[in-house]
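# Coordinate inspection notes
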Amino acid sequence: MVRSFKRDLSSLEPLFEFTGDFAATQRFDDAITFAMNLAIEELFTNMVKYGGGDDIVSIGLEVRGDDLVIEFVHPGAGEFDPTATAPFDAARPLEAREPGGVGLHLVRSVMDEVAYEHTNGDARVTLVKHLRGA
Amino acid sequence: MFDIRKGANGEILLSGRLDASHVERVRDELKSLDTSCRVDFTSLDYISSAGMGVLLGTQKRLADRGHSLTLVNLNRHIREIFRIAGFDNVFSIE
């Protein structure tokens, strides 16, 4: 299933309907569904805030063998590699904490693979979640 | 669907799905908070980093005055991402 969404926070409602329909069709348990929704929201809101480029982002959902594969395509996006951000230090005390950075840390933690490529002016992010042993 | 309201004992009740499209509402509700408070997650199904950031900002502001938020009744998925983010080090979670 592939669907395109306007690059705006108002798209989160239809985006969650899209993922919810897919989760129901695939009979995902609530742990897989939570991880899928979280990873997709974090990357989508990142593209809303920082991505530049086209106003439309396409998101594909597919079960390939034992994997859930999520693919974002953002035409015209600037280069921003979510796999190359600084490691997040979860042990920092409250006074040393600043907003930001935790979203991509959560994506890397709840997904098994995160891949990024920027070709022909398009950003493509692929997430993989193993469905067995999750 | 998301909601935030005050409970009978002054606690804050969250319910539904707290995604990035709802954080301004949460920020508005929490900005007037000036003392320690419990935040009840019993009916909250989902939260992302946007909502976590508002809770963190509130915790920092309250800590400067010697107060804090206590987070209660988190579901196992929210509890797990709070652990991943190290929120169990900066909040009291019951």
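Chains are numbered independently. Their residues run from 1 in the order of the written sequence. Chains and ligands are labelled sequentially in the order written, the chains with letters from A and the ligands with numbers from 1. With the structure being a predicted model, the display of local features is reserved for residues of pLDDT at least 70 and the display and counting of side-chain atom pairs for 80 or more, all residues being used for whole-chain, interface and lining totals.

## Observations regarding the overall build of chain A
Per the secondary structure count, chain A includes three helices and five strands. Labels follow the DSSP assignment, with helices taken as runs of H or I lasting at least four residues and strands as runs of E lasting at least two, numbered in each case from the N terminus. Going from the N terminus to the C terminus, chain A shows its helices and strands as β-α-α-β-β-α-β-β. For a compact globule of 134 residues, the expected C-alpha radius of gyration is about 14 Å, and chain A comes in at 15 Å, within 12% of that figure. Overall, the C-alpha framework of chain A stretches about 45 × 35 × 25 Å when taken along its three principal axes. Going through the 134 residues of chain A one by one, you find that 34% of them count as buried. Contact definition: two residues whose C-beta atoms, as placed from backbone geometry, lie within 7 Å. Taking contacts inside chain A between residues at least 6 apart in sequence as the whole, the part at least 24 apart equals 67%. All radius of gyration figures rest on C-alpha atoms, and the globule criterion is 2.2 Å times the number of residues raised to 0.38. With C-beta atoms placed from the backbone, the exposure class of a residue follows from how many other C-beta atoms lie within 10 Å of its own: 20 or more, buried; 12 or fewer, exposed; in between, partly exposed.

## A closer look at the pairing of strand 3 (residues 37-47) of chain B
Put simply, side chains in a regular strand alternate between the two faces of the sheet. Residue and element names in this part refer to chain B. Pairing analysis gives six bridges linking strand 2 (residues 12-18) to strand 3, with the strands arranged parallel. Its bridge partner being in strand 3, Arg 17 is matched across the sheet by Tyr 46. When the strands point away from the viewer, a crossover counts as right-handed if the path from the first strand over the helix to the second runs clockwise. For the crossover that starts at strand 2, traverses helix 1 (residues 23-30) and ends in the parallel strand 3, the hand is right-handed. Handedness of the crossover joining strand 3 and strand 4 (residues 69-72) through helix 2 (residues 49-63) is recorded here as right-handed. For two strands to be treated as a pair, DSSP must find at least two bridges joining them.

## Quick word on the interface of chain B and chain A
Taken together, the contact pairs 22 residues of chain B with 23 residues of chain A. Elements with a contribution of two residues or more to the side of chain B that touches chain A: helix 2 and helix 3 (76-84) of chain B. The dominant element in the side of chain B that touches chain A, judged by the number of residues it contributes, is helix 2 of chain B, at nine residues. We call Asp, Glu, Lys and Arg charged. Ala, Val, Leu, Ile, Met, Phe, Trp, Tyr, Cys and Pro are nonpolar, and the rest, Gly among them, are polar. Counted by class, the side of chain B that touches chain A contains ten nonpolar, nine polar and three charged residues.

## Focus: the sheet that holds strand 2 of chain B
One open sheet holds the five strands; their spatial order is 1-2-3-4-5 (chain B), and the pairing between them is mixed. Each edge of the sheet is formed by a strand with only one pairing partner; in this case those strands are strand 1 (2-6) and strand 5 (92-93) of chain B.

## Notes on the pairing of strand 3 (residues 67-75) of chain A
Residues and elements named next belong to chain A. Residues Leu 68, Ile 70, Phe 72 and His 74 of strand 3 are buried on one face, while the alternating residues Asp 67, Val 69, Glu 71, Val 73 and Pro 75, pointing to the opposite face, are not. In this sheet, strand 3 lies alongside strand 2 (residues 56-64) in antiparallel orientation, the contact comprising seven bridges. Paired with Glu 62 across the bridge in strand 3 is Val 69. Hairpin connection between strand 2 and strand 3: a loop of two residues separates the two successive antiparallel strands, and Gly 65 in this loop has a positive phi of roughly 65°.

## Looking at the packing of helix 2 (residues 30-50) of chain A against helix 3 (residues 102-110) of chain A
Helices that pack against each other are described as a pair by the angle of their axes relative to one another and the distance between those axes. All names here are of chain A. The angle between two axes is taken between their N-to-C directions and runs from 0 to 180 degrees, where each axis is a line fitted to C-alpha atoms and a helix contributes only its stretch in contact. Where helix 2 meets helix 3, the axes come as close as 9 Å, and the angle between the chain directions of the two elements is 145°. Taken as a pair, helix 2 and helix 3 cross one another with a handedness that is left-handed. Counting all contacts with helix 2, which are made through Ala 35, Leu 38, Ala 39, Glu 42, Leu 43 and Asn 46, the residues of helix 3 involved are Gly 103, Leu 104, Leu 106, Val 107 and Val 110. Taken together, the residues that form the contact of helix 2 with helix 3 break down as eight nonpolar, two polar and one charged. Take the far helix as the reference: if the near one is turned anticlockwise from it by less than a right angle, the crossing is left-handed, and if turned clockwise, right-handed.

## Considering helix 3 of chain A
Because an α-helix packs 3.6 residues into every turn, residues spaced three or four apart end up facing the same way. With eight of nine residues buried, helix 3 of chain A is to be regarded as a mostly interior element. Inspection of helix 3 of chain A places Val 102, Gly 103, Leu 104, His 105, Leu 106, Val 107, Arg 108 and Val 110 of chain A among the buried residues, and these make up the whole buried set. On its buried side, helix 3 of chain A packs onto helix 2 and strand 4 (113-119) of chain A together with helix 2 and helix 3 of chain B.

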